[in-house]
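Examination of the molecular architecture
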Amino acid sequence: MKQASIHIDRNFKLADVDERIYGSFIEHLGRAVYGGIYQPGSPLSDEQGFRSDVLALIREAKVPLVRYPGGNFVSGYHWEDGVGPKEQRPRKLDLAWSVIESNQFGLNEFMDWCKKAGTSPMMAVNLGTRGAEDAKNLIEYCNIEKGSYYSDLRRSHGVTDPYDIKLWCLGNEMDGPWQMGHKTAEEYGRLAEETGRIMRMVDPEIELVACGSSSLSMPTFGSWEETVLEHCYDEADYLSLHTYYGNPEDKTPDFLASSVAMDEFIRSVVSICDCVKAKKRSKKQINLSFDEWNVWYHSNEEDKKLERWIQAPHQLEDVYNQEDALLVGSMLITLLRHADRVKIACLAQLVNVIAPIMTSDTGAWRQTIFYPYMYTSVCGRGAVLQTVVDVSSYESVYGDAPFLDAVVLTDEEKETLTVFAVNKDLEGSMTVSCDLRQYADYRILEHMELAEADLKAVNTRLCPDAVCPKKSDGSRIEEGRLTAVLKPKSWNMIRLGK
Ligand code: AHR
């Protein structure tokens, strides 16, 4: 059995957790909106057409933030099409996903839905086919009380109070050639700077996220970040990162090592932000918004066969298995281990489209990845302790990959300590120990594990609970030392408290 140790010190806090790192994403794409969160006429929907079963699962996961309305979709979107009387809303071609957008769900429906889901909006503006003028109009519609054209337009749509939306994305993946209106770093940097400046003239209290690279593998990665920030350093508060991993060749050890690549990605972007800061002799620090991250590859072949110009098709409907849940657990640990700089993150996406929650006309269910996401979101609050993990590693396509990913959080108010840990050893259990003498009176509250032996096991409509966490009795504290036995290929959460 492999042995590992975790070292913490009560006084060595890395950072408070910004709860927004447990954000997610709803794009007008596939069945995320239509048939996902919104299905008027369904017996499962409320009077506004919102799926109540889906709302319940979103509240269960305490999703604090939802990015909207895209994604690639936003780069061709006219937000005005989605407000006002529904019968007058135009059906449009969505060129991002080659479908028809009915616009029956738009900004006001989304904001009502956010309230019911107990979440806050992270709104994106279209900097692909549009620009600063439309972004200005949108923020006026959302955040100005009354007395101007767009604020009064909102009121004429029945919304008296402004929404006061504080977090805005300046476009989406503007470096990507697939993106409508994609730009060079120079072009985008200038546009982001000017759009941000104009949006702040309307509401000086907003926070802005500038687009970083669409992934670490983009040929322009690095120079894109640098050039964009050279232009918009003073306007931007965050720089975005996106990444998706997959296991198309069924090489599980490499796949599980993807968190090493994610870690490297974060470190590189932090370095670039700080390099520009130094060059500008700025006092301001740019933090990171990892606003798209997940596993995505299962649905790729199916999606190539899709008919064009239909409404809300089954698109990007990855069915996740046990090993995907392990990687999602590890990616969450990676985000937490960078809590000093990653302040926002969005699991992409939330419902039906590469999502932890799936729906059919008869119900909603939790995919395997729902569990590490939900538990980390619900219990991973407080502060992250600097967590040193001493464990052996294996060789992977990303270099040395530790067999154990782990992080420890403390909540001084609630007097709890929470360990999240993934054992990537496919063969054997692992014994993990941690000196807890500084937490002398703490005992184990619970040890939850997701340890399905079949890495390819999935949850489906007919079998929704094939993979779900179970209580483990593998942890004990003796003489101030925690000893936990982690099953092979397992995700674990160990909560301790008084
Ligand atoms: O999340 C799916 C898509 O992935 C988003 O629309 C886009 O931003 C990214 O490429």
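This text goes with the structure placed above it.
The structure reproduced in this document is the subject of the present report. (Residues numbered from 1 in each chain as written. Predicted model: local features only at pLDDT ≥ 70, side-chain atom pairs only at ≥ 80, totals over all residues. Heavy atoms only, no water.)

Comments concerning helix 4 (residues 149-156)
Restricting attention to buried positions, one finds in helix 4 the residues Tyr150, Ser151 and Arg154. Viewed along the axis of helix 4, the buried residues span an arc of 105°, placing them on a single side of the element. Of the residues in helix 4, the exposed ones pointing more than 90 degrees away from the buried face are Tyr149 and Ser156. Taken together, the buried residues of helix 4 touch helix 3 (132-143). Two residues or fewer past helix 4, glycine 158 is found with a positive phi of approximately 90°. (Buried < 20%, exposed > 50% of the residue type's maximum accessible area, 1.4 Å probe, protein only. Helix = DSSP H or I, 4+ residues; strand = E, 2+ residues; numbered from the N terminus. Arc of directions from axis to C-beta. Contact = heavy atoms within 4.5 Å.)

Structural notes on the pairing of strand 12 (residues 342-347)
Summarising burial for strand 12: six of the six residues are buried, a large majority. Relative to strand 12, strand 3 (residues 23-25) runs parallel, the two being bridged by two bridges. If you follow glycine 23 over to strand 12, its bridge partner there is cysteine 346. Note that strand 11 (residues 287-295) and strand 12 share four bridges and pair parallel. (Pairing = 2+ DSSP bridges.)

Side note on the packing of helix 5 (residues 185-202) against helix 6 (residues 223-232)
How two helices pack is summed up by the angle between their axes together with the distance between the axes. Axis separation between helix 5 and helix 6 bottoms out at 8 Å; the angle between their running directions is 35°. Taken as a pair, helix 5 and helix 6 cross one another with a handedness that is right-handed. In this structure, helix 5 contributes Ala185, Glu186, Tyr188, Gly189, Arg190, Ala192 and Glu193 to the contact, and helix 6 contributes Trp224, Thr227, Val228, His231 and Cys232. Considered class by class, the residues forming the contact of helix 5 with helix 6 number six nonpolar, three polar and three charged. (Axes fitted to C-alpha atoms, helices over the stretch in contact; angles between N-to-C directions. Left-handed = near helix turned anticlockwise from the far one by under 90°. Nonpolar A, V, L, I, M, F, W, Y, C, P; charged D, E, K, R; others polar.)

What about the site of the ligand?
If you check the shell around the ligand, you find Phe25, Glu27, Gly71, Asn72, Trp97, Asn172, Glu173, Tyr244, Glu292, Trp296, Gln349 and Ile354 and nothing else. Between the ligand and the protein, one listed contact pairs an oxygen atom with a side-chain N or O atom of glutamate 173 at 2.7 Å. When the ligand is considered free in solution it has 280 Å² of accessible area, and contact with the protein chains removes 95% of it. Within the shell around the ligand, the residues separate by chemical class into five nonpolar, four polar and three charged. (Near = heavy atom within 4 Å. Polar contact = N/O pair within 3.5 Å; in protein donor to acceptor, adjacent residues only side chain to side chain. Areas by Shrake-Rupley, 256 points an atom, 1.4 Å probe, with all protein chains shown as cover.)

What about the sheet that holds strand 23 (residues 470-471)?
Read from one edge of the open sheet, seven strands run 2-15-19-20-26-22-23, paired in antiparallel fashion. At either end of the open sheet lies a strand with only one pairing partner, and these are strand 2 (13-16) and strand 23. Note: strand 22 (residues 443-450) against strand 26 (residues 490-497), seven bridges, orientation antiparallel. Bridge pairing links arginine 443 to glycine 497 in strand 26.

Brief notes about the packing of helix 3 against helix 4
Running from amino to carboxyl end, helix 3 crosses helix 4 at an angle of 50°, the nearest separation of the two axes being 7 Å. Compared by their axis directions, helix 3 and helix 4 come out oblique. Here helix 3 runs over helix 4; the crossing is right-handed. Facing helix 3, whose interface residues are Asn137, Glu140, Tyr141 and Cys142, helix 4 presents Tyr149, Tyr150, Ser151, Leu153 and Arg154. The class makeup of the residues in the contact of helix 3 with helix 4 is five nonpolar, two polar and two charged. (Parallel < 35°, antiparallel > 145°, perpendicular 65-115°, else oblique.)

Focus on the pairing of strand 4 (residues 65-68)
Where burial is concerned, the two faces of strand 4 agree: the one with Leu65 and Arg67 and the one with Val66 and Tyr68 are both buried. As judged from the two bridges shared by strand 3 and strand 4, these two strands associate in the parallel manner. Note on strand 4: the bridge partner recorded for phenylalanine 25 is arginine 67. Considered for its hand, the β-α-β crossover made up of strand 3, helix 1 (residues 52-60) and strand 4 is right-handed. (Right-handed = clockwise from strand over helix to strand, strands pointing away.)

With respect to the sheet that holds strand 4
Here we have eight strands rolled up into a closed barrel, ordered 3-4-7-8-9-10-11-12, and parallel in their pairing. Recorded for the sheet is a direction-independent mean angle of 30° between the axes of neighbouring strands. Pairing of strand 7 (residues 120-125) with strand 8 (residues 167-170) involves three bridges; the strand directions are parallel. Bridged to alanine 124 within strand 8 is cysteine 169. Its contacts with the sheet put helix 8 (residues 258-280) on strand 10 (238-245), strand 11 and strand 12, and the angle it makes with strand 10 is roughly 160°.

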